[in-house]
Amino acid sequence: MLVIDNYIKERKFLEELRSDNFWSTMAPANWWDGWWKNEPRNICEQFISIVWKQFTNLENKIDGFEYWSNMHQSGNGLNWHVDKDEKLSKEKKQTIMPTLGLVYYAVSNNLEGGYLEIANSRDRENIDPNKIERIKPVENRLIMFDPSFPHRVSKITNGIRRAIIVNAWPHKPYTFENSERYP
């Protein structure tokens, strides 16, 4: 796992990632083939290009990126789960997971709760609450981790948390076989 605070240095780019316009136009789930095949079409794909070029050499190892946003506020959270090809899981009862994932906190206003919690084992049935990694949602914080480990967002008791989530896939998921947006 990798955690970097104050990740985005360019103020204008950071303001765009935090803007209400960006958050109101983001589709629920998106696919991008990557910078080596297509130029970025939006600010999120620009962000993906910046991050993944810096930390990995993926051009010959993955087919592209799945990305989406999460907006959680007081009373919300997200249960234990693993990131997987959702459509394949639902329709064919098969589980295939991405190679690597990231969470980027763009907005964290008056936040209480909303921690990213990651289990230390892939066993979703026996998660030991004393053996989980808890990462506070801090604005402009980047977290890279293995999304095949169970993870969740703890309940938010106050404030707003906006995060960009990106997964690198070795093969394009079945979810995106007919479209670059889902559902």
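Anything mentioned here points back to the structure above.
Because the structure is a prediction, the values reported are computed rather than measured.

Visitor: What am I meant to see in the overall build of the protein here?
Guide: When its secondary structure is counted, the protein shows 4 helices and 11 strands. Relative to a compact globule of 183 residues, whose C-alpha radius of gyration would be 16 Å, the protein shows 16 Å and is just as compact. Judged by the C-alpha coordinates and their principal axes, the protein covers about 40 × 40 × 30 Å. In the protein, buried positions account for 48% of the 183 residues. Here the contacts in the protein between residues at least 6 apart in sequence split such that 82% fall between residues at least 24 apart.

Visitor: Got a minute to help me understand the sheet that holds strand 7 (residues 132-135) in this structure?
Guide: Sheets are built from strands paired through backbone hydrogen bonds, the pairs being either parallel or antiparallel. As summarised here, the arrangement of the 4 strands in space is 4-9-6-7, forming an open sheet in which the pairing is antiparallel. Either end of the sheet is taken by a strand with one partner, and the two such strands are strand 4 (78-81) and strand 7. Across the sheet, the mean angle separating the axes of adjacent strands is 15° when strand polarity is ignored. Sheet topology note: the strand 6 (residues 116-119)/strand 9 (residues 151-153) ladder contains 3 bridges and is antiparallel. Following the sheet pairing, Glu 117 is matched in strand 9 by Arg 152.

Visitor: Would you take a moment to explain the sheet that holds strand 5 (residues 100-113) for this structure?
Guide: Spatially, the 7 strands line up as an open sheet ordered 1-8-5-10-3-2-11, and their pairing is antiparallel. Every interior strand has two partners, whereas the edge strands, strand 1 (2-4) and strand 11 (181-182), have only one. Of the pairings in the sheet, the one linking strand 2 (residues 29-32) to strand 3 (residues 64-73) comprises 3 bridges and is antiparallel in character. Looking at the pairing, Trp 31 lines up with Glu 66 of strand 3. Here helix 1 (residues 11-18) sits on the sheet and contacts strand 5 and strand 10 (156-169); the angle it forms with strand 5, its principal contact strand, is near 75°.

So, how was this worked out
- Residues numbered from 1 in each chain as written.
- Predicted model: local features only at pLDDT ≥ 70, side-chain atom pairs only at ≥ 80, totals over all residues.
- Heavy atoms only, no water.
- Helix = DSSP H or I, 4+ residues; strand = E, 2+ residues; numbered from the N terminus.
- Rg over C-alpha atoms; globule rule 2.2 N^0.38 Å.
- Buried < 20%, exposed > 50% of the residue type's maximum accessible area, 1.4 Å probe, protein only.
- Contact = heavy atoms within 4.5 Å.
- Pairing = 2+ DSSP bridges.
- Axes fitted to C-alpha atoms, helices over the stretch in contact; angles between N-to-C directions.

Shape is all these values report; function is a separate question.
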